[in-house]
Amino acid sequence: IMSSLEYTAELLDKGWNVTISPEGTMSKNGKLQDFKTGIGLLAVETGWPLVPVKTVGLYGMWPLGAKWPKRHGRVIVKIGAPMVFDKKTSYDKATKKLYKIMKKL
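Here's what I pulled together on the structure shown here. (Residues numbered from 1 in each chain as written. Predicted model: local features only at pLDDT ≥ 70, side-chain atom pairs only at ≥ 80, totals over all residues. Heavy atoms only, no water.)

### Some points on the overall build of the protein chain
Looking only at helices and strands, the protein chain features three helices and two strands. In sequence order, the secondary structure elements of the protein chain are arranged as α-α-β-β-α. When the backbone C-alpha atoms are referred to their principal axes, the protein chain occupies close to 45 × 25 × 20 Å. Considering the protein chain as a whole, with its 105 residues, one finds that 25% of them fall into the buried category. In the protein chain, of all internal contacts separated by at least 6 residues, the share reaching a separation of at least 24 is 60%. Counting every atom, the protein chain has about 8000 Å² of accessible surface; 58% of that belongs to carbon and sulfur. (Helix = DSSP H or I, 4+ residues; strand = E, 2+ residues; numbered from the N terminus. Buried < 20%, exposed > 50% of the residue type's maximum accessible area, 1.4 Å probe, protein only. Contact = heavy atoms within 4.5 Å. Areas by Shrake-Rupley, 256 points an atom, 1.4 Å probe, with all protein chains shown as cover.)

### Focus: the nonpolar core
Counting 10 residues, the largest nonpolar core consists of Phe-35, Ile-39, Ala-43, Val-44, Leu-50, Met-83, Phe-85, Ala-94, Leu-98 and Met-102. Going through the elements one at a time, α2 (38-46) and α3 (91-104) are the ones with two or more residues in this core. Excluding residues within four positions of it along the chain, Phe-85 makes contact with Ala-43, Val-44, Ala-94, Lys-97 and Leu-98. (Core = buried A, V, L, I, M, F, W, Y, C linked by side-chain atoms within 4.5 Å.)

### Side note on a nonpolar patch on the surface
Judged by side-chain polarity, Val-51, Val-53, Leu-58, Val-75, Val-77 and Ile-79 come together as a nonpolar surface patch covering roughly 480 Å² of accessible area. Within the secondary structure, Ile-79 is located in strand β2 (residues 76-79). (Patch = residues over 30% accessible without salt bridge, like charges linked within 9 Å, V, L, I, M, F, W, Y side chains within 5 Å. Salt bridge = Lys/Arg side-chain N within 4 Å of Asp/Glu carboxyl O.)

### Remarks on the side chain of Thr-8
Looking at the element boundaries, Thr-8 is found in helix α1 (residues 2-13). Thr-8 gets classed as buried once you look at its relative accessible area, which sits at 13%.

Following this line, the structure appears as structure tokens:
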């Protein structure tokens, strides 16, 4: 896991935009799952702004591992304000704050 976080940080340093699933995988039941602390580590250590993005309506539409959607439907994308975390913030605290923001979106 650490090597993937390091690689993500390298991509950010090169100017790439990166999409991360802070849950570690797609939801198996359509509900927001607990976040892995790696997202907090990445947010604090890189200092890059994180933009929370929540999709509503994808559950059941695109099964895990499928190449194509199972069915068509309406998807809503909610975008939150960019967030930057101070280097003094604990990874756990940053992770919990991100989770709360995503729950509210």
